[in-house]
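# Observations on chain architecture
One letter stands for each residue in the lines below.
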Amino acid sequence: MSANSVLLDFSLDPTRINDEVSRKDIVKLCKEHLEKYISGLKITYDMLTEDGYLCMLNAPGAVITTIRFFSQGLITINIEYYRGECEAPKISFEQIKSLENNLRLKLEAKRSKHLPPIKRGSNIDVYLTSSDERVIEYDIDKVLYDKRSDFQKIQIVHSKSLGNMLVLDELQNIAEADLIYTETLMRRGVENYKDKEICILGGGDGALLYELLKEEPKHVVMLEIDDLVMAACNKYMNSICGDVLEKRKSDNYEIVVGDCMMYLNKFIKEGRKFDYVFGDLTDIPISDTPTGEIWDFIRVILESSFKVLKPSGKFMTHGNGVSCPESLQMYEEQLDKLSPKVNYTKCSAFVPSFMEEWVFYQVQYAPDAATSV
C-alpha cells in the first residue's frame with residue numbers, strides 16, 4: 001500500500017507557455033489525453049503563479065492531477081492516488097508511456113520524459129540514495145528486521161537480486177551479494193595477513209572479521225559499539241559473517257562491544273601495536289569543506305590509528321563513491337596533513353548493493369617517517 005505519484009514532463013517553446021491563448025489550448029489538449037486513461041477528470045482549480053501557471057484536476061477514486069507551466073518552457077504533469085495492496089494501478093506503466101508519447105507529438109514538445117510511479121508511504125521502503133545523493137529504487141520485497149538502537153536505526157531487508165541487506169540510518173551498508181566490498185577493503189590476494197595482529201574499528205556486520213580469519217592471522221580484535229547491529233546480522237546475515245558474531249571470542253579473535261576511541265586510547269597507553277588497523281566506520285562525508293563533527297571524528301580516528309600501528313603497518317579503510325571526487329580529495333588532504341608523514345594508495349570496485357563504484361584507501365608511514373616511529 002502506498003501513495004503513487006506518476007511524473008511526466010515536457011519542454012516547449014517558452015513563448016507558447018507564456019501566451020494566455022496558447023496556454024489554454026495546451027491545458028485543453030493535456031486534459032483530453034489524460035481523460036483517455038483517467039475518466040471523469042474535471043478542472044477544480046487554477047491560478048497564475050510567479051513563474052507560470054498551475055491547474056488542478058480531480059477524478060473519481062481520489063485521483064488528483066496537477067499540470068504546472070513554468071515560464072522557462074517546462075510543463076510538468078503529476079498524477080497522484082493511493083493504491084491498496086491488491087489494487088490495480090489507476091494508470092498502468094504502459095499507459096503512462098503511451099500518454100507521454102501521444103502528448104509529446106500533439107504538443108510538439110522538444111523533449112519529454114516519464115517515470116514509473118514513485119511509491120510513497122509504503123511499509124516497505126524501496127528507495128535508498130547513492131553517495132552523491134541520487135535516488136536508487138531497489139527490488140526490496142521484505143523487511144526482516146527494523147529496530148532503533150541507542151546509536152542508529154537498524155534494518156535488514158531482503159532484495160530479490162542482492163539477498164539480505166543491512167541498512168543503517170537509511171543508508172545501504174552491505175548485502176549478501178557484496179563479497180567484493182570486503183575483499184577490496186582487505187585487498188585479498190595483495191596483502192598478507194598470516195600471523196599478523198589486526199584491529200578492526202567498527203565492522204559490526206562481521207563480514208570483514210569473517211573473511212580476515214580465513215587468512216590465518218595471529219589475532220584480530222574488533223571494536224564495535226552497537227551490539228544490536230551484531231545481533232541482527234548474526235541472525236539474518238550469517239552467510240557473510242558465519243558464526244563469528246555468535247561466538248564473539250576465540251583463540252585468534254575477540255569482539256569488544258564499546259566505543260572504539262576509548263579502546264584505541266587504552267591501546268595507546270599500553271603501547272599495543274598492530275600490523276593492520278581497519279577503519280570500517282563512517283563513510284567520508286559529502287560536504288563543501290572538511291569541517292564538522294564527522295570530519296573531526298575522521299581526523300581523530302586517523303591520528304589514533306597510526307599511534308597503534310607498527311612502523312610497517314597499514315591503515316585500511318573505505319572512502320566514498322567515485323562520483324564524489326571533491327570529498328575524496330578533501331580526505332586525501334587530511335592524509336597529507338598527518339604527522340609523521342604517510343603515503344597512501346587507493347583502489348576501487350563496483351559494489352552491487354551500492355550500485356556504484358566505491359573507493360578504498362591503504363595508508364602507511366612514509367619510509368623516512370617509519371624509521372622514526
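Bear in mind the structure is a predicted one, so any value in this text is a computation, not a measurement. (Residues numbered from 1 in each chain as written. Predicted model: local features only at pLDDT ≥ 70, side-chain atom pairs only at ≥ 80, totals over all residues. Heavy atoms only, no water.)

## Some thoughts on the pairing of strand β4 (residues 63-70)
- Most of β4 sits out of view: six of its eight residues are buried.
- When strand β3 (residues 52-59) meets β4, the two strands line up antiparallel, connected through eight bridges. Within β4, the residue paired with Met56 across the bridge is Thr66.
- Looking at chain direction, β4 and strand β5 (residues 74-83) are connected through seven bridges and run antiparallel. Across the sheet, residue Arg68 finds its bridge partner in β5, namely Thr76.
- Counted between consecutive antiparallel strands, the loop separating β4 from β5 contains three residues, among which Gly73 sits at a positive phi close to 115°. (Buried < 20%, exposed > 50% of the residue type's maximum accessible area, 1.4 Å probe, protein only. Helix = DSSP H or I, 4+ residues; strand = E, 2+ residues; numbered from the N terminus. Pairing = 2+ DSSP bridges.)

## Here we look at helix α6 (residues 227-236)
- Within α6 the residues assigned to the buried category are Val229, Met230, Ala232, Cys233 and Asn234.
- Where α6 begins, one side-chain oxygen reaches toward the backbone nitrogen of Leu228, 3.1 Å away; that side chain belongs to Asp226. (Polar contact = N/O pair within 3.5 Å; in protein donor to acceptor, adjacent residues only side chain to side chain.)

## A word on the pairing of strand β12 (residues 163-168)
- When you tally the buried positions in β12, you get six out of six residues, the bulk of the element.
- With six bridges joining them, strand β11 (residues 153-159) and β12 adopt antiparallel strand pairing. Considered in β12, the bridge of His158 is made with Asn164.
- What sits between β11 and β12 in their antiparallel hairpin is a turn of three residues.
- With four bridges connecting them, β12 and strand β13 (residues 171-175) associate as antiparallel partners. Paired with Leu166 across the strands is Ile174, a residue of β13.
- The hairpin formed by β12 and β13 contains two residues between the paired strands, and Asp169 there has a positive phi angle of roughly 50°.

## Details of the pattern of salt bridges
- The final tally for this structure, using the stated rule, is 24 salt bridges.
- Ionic pairing is found between Glu170 and Lys153, a salt bridge with its closest N-O pair at 2.6 Å. Here Glu170 is found in the loop between β12 and β13, whereas its partner Lys153 is found in strand β11, with 17 residues between them in sequence.
- Among the residues examined, Glu170 registers a relative accessible area of 31% and is labelled partly exposed.
- Of the residues examined, Lys153 reaches a relative accessible area of 19% and is grouped as buried.
- Across the salt bridge formed by Lys214 and Glu211, the nearest N and O atoms sit 3.1 Å from each other.
- For Lys214, a relative accessible area of 47% puts it in the partly exposed group.
- A relative accessible area of 5% places Glu211 in the buried class.
- Via salt bridges that share partners, Glu183, Arg188, Glu211, Lys214 and Glu215 belong to a single interconnected network. (Salt bridge = Lys/Arg side-chain N within 4 Å of Asp/Glu carboxyl O.)

## Details of the packing of helix α9 (residues 260-270) against helix α10 (residues 293-307)
- With their axes 9 Å apart at the nearest point, α9 and α10 run at an angle of 30° to one another. On the basis of their axis angle, the class for α9 and α10 is roughly parallel. At the point where α9 passes α10, the crossing takes the left-handed sense. Along its contact with α9, which presents Cys260, Met261, Leu264 and Ile268, the element α10 presents Phe297, Val300, Ile301, Ser304, Ser305 and Lys307.
- When the residues that make up the contact of α9 with α10 are grouped by side-chain class, the tally is seven nonpolar, two polar and one charged. (Axes fitted to C-alpha atoms, helices over the stretch in contact; angles between N-to-C directions. Parallel < 35°, antiparallel > 145°, perpendicular 65-115°, else oblique. Left-handed = near helix turned anticlockwise from the far one by under 90°. Contact = heavy atoms within 4.5 Å. Nonpolar A, V, L, I, M, F, W, Y, C, P; charged D, E, K, R; others polar.)

## Observations concerning the packing of helix α2 (residues 20-34) against helix α3 (residues 93-107)
- Running from N to C, α2 and α3 point in directions that differ by 150°, and their axes come no closer than 10 Å. Our classification of the angle between α2 and α3 gives roughly antiparallel. For the element pair α2 and α3, the recorded crossing hand is right-handed. The segment α2 lies against α3, with Ile26, Leu29, Cys30, His33 and Leu34 engaging Leu99, Asn102, Leu103, Lys106 and Leu107.

## Considering the nonpolar core
- Within the largest apolar cluster, 39 residues are counted, with the highest numbers of intra-cluster contacts made by Leu166, Ile200, Leu209 and Phe278.
- Other than its neighbours up to four places away in sequence, Leu209 contacts Ile200, Val220, Met222, Val244, Tyr253 and Ile255.
- Residues Leu223, Cys260, Val277 and Ala369 belong to the second largest nonpolar core, which totals 32 residues. (Core = buried A, V, L, I, M, F, W, Y, C linked by side-chain atoms within 4.5 Å.)

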